[in-house]
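Listed below, chain by chain, are the residues.
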Amino acid sequence: MSGAAGFFEDLFRGLLQGTPPGAVYALIALGFVLTYKTSGVFNLAFGAQAYISAAMYFKAHTLWGWPKWAALVVSAFVLAPLIGLVLERLIFRHLRTASAVSKLVVALGLSVALPELFNQAARFTAVAGRQITGIMPDGSSVFYDPFGVYRFNRDELAMMAVALAATLLLAALFRFTMIGLAMRAVVESPRMTELSGINADRTSAFAWALSSTFAGLAGVLIAPRFNSLISTDFFTLVVIAVAAAAVGKLVSLPRALLGGLGLGWFIAVFNTFLPRWSGDHTWLRPFQENLTPSLPFVVLFAILVLWRAIGREREASDPLSGVDPPPPALAALERHPKLTLFTRLFGVGFVAVVGSVVWFRAGVLWMHLVTTAVIMAVIYLSVTVITGMAGQISLCQGTFAAIGGFTIFQMADRFNMSVLAAALLGAGVAAAVGALLSLPVLRLGGVWLAIATLAFAFFFDAVMVKFSWVGGGTTALLTGTRVPRPLVGPIDFASDRAFLVLAVVVLVVVSVVVIQLREGTVGRTLTALRGSEVAAASIGISAARARIVAFAVSAAIAGLGGALLSMHQQNVNYSTNFGPVNALFWLVIVVALGARTVEGAIQAGAAFALFEPLILKGDLLAWILRGDDHLPGLFPIPGSWRLVLFGMMAIQFARHPEGLVEHGKRRSAARINRWLEAREGAAS
C-alpha cells in the first residue's frame, strides 16, 4: 500500500508541478486561437510581440525604476495594443483575402523584424543571467502549499488565474456579444460583412488590438520564468505552445486551455517517473537523455500526424474570392523576343564583369563573402522547389542542409571518404530524410504542414545533433566539427579561388536541374496541384507522389548546399549556420525577393551575404565617393537592420507572391514590350 500511495503522491505532485508551465502554454495557445479566430492569421510573430512587451516592462520597471503597475500598464495595455493597431492598419488589413500561406510568411517576416526593430528603437540589448521581476509583490519568493506536496509562488498563481480568466472572458466575448460575432464574420468574408453593414476595418482593428494586448500580457507574465530576456527564447516557447493550440484546432478556446495544461502535466509527469524507471532499466537511459528536451516537439508532431481530424480541417475561404484575378505568369514568359535576347546578353556580361573583378581584385574577405553568396544561392534553390514550385511552406530547410554538412563531417572524419563523394552522399541522405518526412505529413497543407516541419526542425536541434553518429555528440559541437576542402588530382580546392569555381559550377548545375524540373513533367504536375487537387486527380495525377518528389528534391539540394557551406567554412558550425530560427530567415529572404525563379534564389543568396558589407557598412557608397572619409556619419549601420529590412520585405509576399524582383521585372518588361511593339507598329 505504501508503494501505491507513494506512486499516487508523486503523480499528484507531478501534476501540480506541471500546472504553472501548462498555464504558460495555455496563455500562448489562447493568444494563437484569438488571433486565428479574429484575423485568420497563424501568428508566429506572437512571440515577437510578447518579447517586446516583456522587454518594455523590464526597461520601465528595472532600468527606469517605475512602479510595477505603471510598467505593466504601459507595456501590456498601451504599447501592445498600439502595435496591434499599427500591424492591422499597415499590413494585415490588406491581407484579409490572401491565402493562409501568404499570411504565415508575413507573420514569419514580422517574427524576424519586430524584435530587432524594437531593440534599435528602444536601444535595448538582450539580458542574460538575470531573473526578471514579475508583476506580483515578492512574486518569486513567497510560496503557498495548499495541498502539502508542492509549493506555488505568487507569479505562478497569477499566470494560472490569468489563463483561466482569459478563457472565460474570451469565450463570453465570442458567444454572447455582437463584436465577437462580427470578428468571426470578418475572417470568413470581409466583403460580405461590409454588405451587411458591418465596418470590417473597425472590427479588424479591435480584434488585432485585443490579440496584441493578450500577447503583451502573456509576455510580461511569462518573462519571470526565464533567466534571460532574448527574443529567440520567446519564439521557442511559442513553438512548444503550438501543440496546445493544435489541440483546439486553432479555433476552440476551452480546448486550447486544456491542451496547454495537458502539455504541462504530461511533461512534468514524464520527467518525474522516467528518471526512476531508467535507474532500474538501463535501456531507458538514452530516452531520458535525448527525448526529454524534445518532448514538446514530439508531442506537437504526433498531434499533427496522428490526429486525423486536423487533416480534414479546411481553411476558411472567402466566398467572393472567385472574383480575384489569377496569379500572374512569370515575366520571362511574356517578354518580347528582343528583350529576352538583351536580358540574356546583359546577364552574361554582368556575370563576366563581376566575375573578373572578384577573380583578379577581391581580397580574402570579399572572396569569402562572394563564395558564401554562391553557396547560399544553392541552398535557396531548395526553397524555389518546395515553395515556388510546389506551393508548400517547409520550415526545416536548415535541417536538411545540416544533414548534408554532418554527413560530410562524419564520412571524412570516420571513414576518410573523399569530401566530394561525401557531399553527394549527404545530398542523398537528406533526400531520403525529406521523402520519409513527407510521408506522415502528406495529408497536411498550409499552416499545418509548416508547423509540422518546424516541429521536426526543433526536434532535430534538440535531440539528433547530440548523437555521436549525427553531430558527433555535444563534445564535437563544442570543440568543432572540422571538414576538409576537397582535393581532386592536381586541383587543390583549399585555394579560395579554386573553391569559388567549384561552388559556381555546382550552382550552375543545380540551377539547370531546377529549370528542367519546373518546365518538365514534375513542374507542370505541381502547377496543376496548386490550381486544383480534385481536377488534377481526375486526370490521373498523384498528389502524394508529386509532393514526395518535391520534398526529396528540395531536401537533396539543401543537403548539397549545406555540405558545400561546411567545406567552405571548413566546419559545420551548426548553431550559426543551420539552427531552426536562423533557417526561418532563409525563407523570409527568398520569398521576399522571388521564390518562383532561379534568379530570385541567386539574388537572395547575394543579398544574404553581401547586403550588410555593401550597403549597411557603406562599402558600396564608399567606392562611389572614392573613400571611407566621405561617408556620412550614420555609417556603418548595425547589421541587425538586415533582419528588419528583409523581414519587412516579406510583407510584400501576399501582394506579390512572385517576389519583389519578379514583380519589378514584370513591370519593366511590360513598359519595354509596349515601347518595342509601338516601334514595330510605326515601322510597318
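Peer 1: Tell me what's going on with the overall build of the protein, and back it up with residues and numbers.
Peer 2: For the protein, the count of helices and strands is 30 helices and six strands. Here the protein holds 684 residues, and 53% of them are scored as buried. When contacts within the protein are restricted to residue pairs at least 6 apart in sequence, long-range pairs at least 24 apart make up 77% of them. Here the protein has roughly 30400 Å² of accessible surface; of this, 65% comes from carbon and sulfur atoms.

Peer 1: Please give an account of the environment of D496 that cites residues and values.
Peer 2: With respect to the helices and strands, D496 occurs in helix α20 (residues 496–519). Taking C-alpha positions, D496 is 7.8 Å from V364, a pair spaced 132 residues apart along the chain. Separated by 3.4 Å, the side chains of D496 and R485 make a polar contact.

Peer 1: Could you give an account of the packing of helix α15 (residues 364–389) against α20, with specific residues and numbers?
Peer 2: Relative to each other, α15 and α20 sit at 15 degrees, their axes nearing to 10 Å. The orientation of α15 with respect to α20, classified from their angle, is roughly parallel. Crossing angle aside, the handedness with which α15 passes α20 is left-handed.

Peer 1: I'd love a proper account of the confidence of the model for the protein, names of residues and values included.
Peer 2: On average, the protein scores 80 in pLDDT, and the residues at 70 or more come to 83%. Summarising per-element confidence for the protein, the mean pLDDT is lowest in helix α11 (residues 285–291) (60) and highest in helix α17 (residues 419–438) (93). In the model, residues 316–323 has pLDDT below 50 throughout and makes 14 contacts with residues more than four positions away in sequence or in other chains.

Peer 1: Explain α20 to me, and be specific about the residues and the numbers.
Peer 2: In an α-helix, one turn spans 3.6 residues; hence positions three or four apart end up facing the same way. Between its terminal C-alpha atoms α20 stretches 35 Å, which fits the 34 Å expected from 24 residues at 1.5 Å a residue. Here α20 has its buried residues at A498, F499, L500, L502, A503, V506, L507, V510, S511, V514 and L517.

Peer 1: Requested: an account of the pattern of salt bridges, with residues and values cited.
Peer 2: Summed over the entire model, instances satisfying the criterion amount to two salt bridges. Of the charged contacts, one joins R225 and E156 as a salt bridge, the two residues approaching to 4.0 Å between their closest N and O atoms. Here E156 lies in helix α5 (residues 154–176) and R225 lies in the loop between α8 (200–222) and β4 (228–229), a separation of 69 residues in the sequence. The residue D496 makes a salt bridge to R485 at a minimum N-O spacing of 3.4 Å. Taken as a pair, D496 in helix α20 and R485 in the loop between α19 (473–479) and β5 (487–488) lie far apart in primary sequence, 11 residues in all.

Peer 1: Pulling in residues and values, what's your account of the packing of α15 against helix α25 (residues 580–593)?
Peer 2: Put simply, α15 and α25 touch, their axes get as near as 10 Å, and they point 75 degrees apart. Between α15 and α25, the crossing angle belongs to the class labelled roughly perpendicular. Residue-level contacts link M376, I379, Y380, V383 and T387 of α15 to W586, L587, I589, V590 and V591 of α25. In terms of residue class, the contact of α15 with α25 is built from nine nonpolar, one polar and no charged.

Peer 1: Please set out unusual backbone geometry residue by residue, giving values where relevant.
Peer 2: With phi around 55 degrees, R123 is a residue other than glycine that occupies positive phi space. Residue R123 is classed as exposed on the basis of its relative accessible area, which comes to 77%.

Peer 1: I'd like to hear about the packing of aromatic side chains, residue by residue, with values.
Peer 2: In this structure the tally under the stated criterion is 19 aromatic pairs. Ring centres 6.4 Å apart and planes at 35 degrees place the aromatic pair F235 and F458 in the tilted group. With a gap of 223 residues between them, F235 in helix α9 (residues 231–247) and F458 in helix α18 (residues 447–462) connect regions that are remote in the sequence. As far as burial versus exposure is concerned, F235 and F458 are alike and both buried.

Peer 1: So what's going on with a nonpolar patch on the surface? Which residues, and what values?
Peer 2: Residues W359, F360, V501, V505, V509 and V513 make up a contiguous nonpolar surface patch of roughly 550 Å² in combined accessible area. Going through the elements one at a time, α14 (337–361) and α20 are the ones with two or more residues in the nonpolar patch. Here V509 is to be found in helix α20. Residue V509 is classed as partly exposed on the basis of its relative accessible area of 47%.

Peer 1: Hey, could you go over the side chain of H568 for me, with residue numbers and the actual values?
Peer 2: By the secondary structure assignment, H568 is in helix α23 (residues 543–569). Under the relative-accessibility criterion, H568 is labelled buried at 5%. Within the local environment of H568, its side chain forms a polar contact with the side chain of H368, the two groups lying 3.1 Å apart. If we skip the residues at most four places from it in the chain, H568 touches H368, T371, T372, I375, R485 and F499.

Peer 1: Describe the nonpolar core, listing the residues and the values that go with them.
Peer 2: F42 and L229 are the most contacted members of the largest nonpolar core, which totals 202 residues. A per-element tally of this core places α15 first, with 14 residues. Viewed by domain, this core spans two of them, domain 1 (9–267) and domain 2 (370–602), each represented by three or more residues. In this structure F42 touches F32, Y36, L104, A107, V242, L250, V447 and I451, once residues within four positions along its chain are discounted.

Peer 1: Can you explain the side chain of S75? Please cite residues and give values.
Peer 2: Within the fold, S75 resides in helix α3 (residues 68–90). At 2.7 Å, the side chain of S75 forms a polar contact with the backbone oxygen of A71.

Peer 1: Give a description of the environment of D492 that names residues and reports values.
Peer 2: As for its placement among the helices and strands, D492 is situated in strand β6 (residues 491–492). The partly exposed category is assigned to D492, whose relative accessible area is 40%. Once you skip the residues sitting within four places of it in the chain, D492 turns out to touch P486, L487 and A498.

Peer 1: Help me get a handle on the environment of Y144, residues and values and all.
Peer 2: Locating Y144 in the fold gives a position in strand β2 (residues 143–144). Setting aside chain neighbours within four positions, we find Y144 in contact with Y150, R151, F152, R154 and L157.

Cut-off values and rules
Along each chain, numbering runs from 1 in the same order as the chain's sequence is written. In keeping with the model being predicted, local features are shown solely for residues with a pLDDT of at least 70 and side-chain atom pairs are shown and tallied solely at 80 or more, while totals for entire chains, interfaces and linings include all residues. No hydrogens and no water enter the side-chain calculation; it runs on all heavy atoms of the structure. Per the convention used, a helix needs a DSSP run of H or I reaching at least four residues, while a strand needs a run of E reaching at least two, with both numbered from the N terminus. Think of it in three bands: residues with accessible area under 20% of the maximum for their type are buried, residues over 50% are exposed, and the middle band is partly exposed, with areas taken using a 1.4 Å probe on protein chains only. It only takes one pair of heavy atoms within 4.5 Å for two residues to be counted as in contact. Residue burial considers only the protein chains on display, and all accessible areas are found by Shrake-Rupley using a 1.4 Å probe. Pairs of N or O atoms are called polar contacts if they sit within 3.5 Å, as long as, within protein, a hydrogen donor faces a hydrogen acceptor (for residues adjacent in sequence, only side-chain-to-side-chain pairs). Convention adopted: a line fitted to C-alpha atoms gives each axis, helices being fitted over their contacting stretch, and angles between N-to-C directions are expressed from 0 to 180 degrees. Each angle is binned into one of four classes, with values under 35 degrees roughly parallel, values over 145 roughly antiparallel, values of 65 to 115 roughly perpendicular, and all other values oblique. The crossing is said to be left-handed when, going from far helix to near helix, the turn is anticlockwise and less than a right angle, and right-handed when the turn is clockwise. Residue-level confidence of the predictor is summarised by pLDDT, bounded by 0 at the bottom and 100 at the top. Each helix should span, by expectation, one fewer than its residue count multiplied by 1.5 Å. The term salt bridge refers to a pairing of a side-chain nitrogen on Lys or Arg with a carboxyl oxygen on Asp or Glu at a separation within 4 Å. All amino acids are sorted into three groups, where Ala, Val, Leu, Ile, Met, Phe, Trp, Tyr, Cys and Pro are nonpolar, Asp, Glu, Lys and Arg are charged, and the leftover types, Gly among them, are polar. The rule is short: rings of Phe, Tyr and Trp, with Trp giving its six-membered ring, pair when the centres are within 6.5 Å, and they are stacked under 30 degrees, edge-to-face over 60, tilted in between. Patch membership requires more than 30% relative accessible area and the absence of a salt bridge. Residues of like charge join within 9 Å; the nonpolar side chains Val, Leu, Ile, Met, Phe, Trp and Tyr join within 5 Å. Throughout, nonpolar core names a set of buried Ala, Val, Leu, Ile, Met, Phe, Trp, Tyr and Cys residues whose side chains join them through atoms within 4.5 Å. As used throughout, domain bounds are those supplied by an automatic or database domain assignment.

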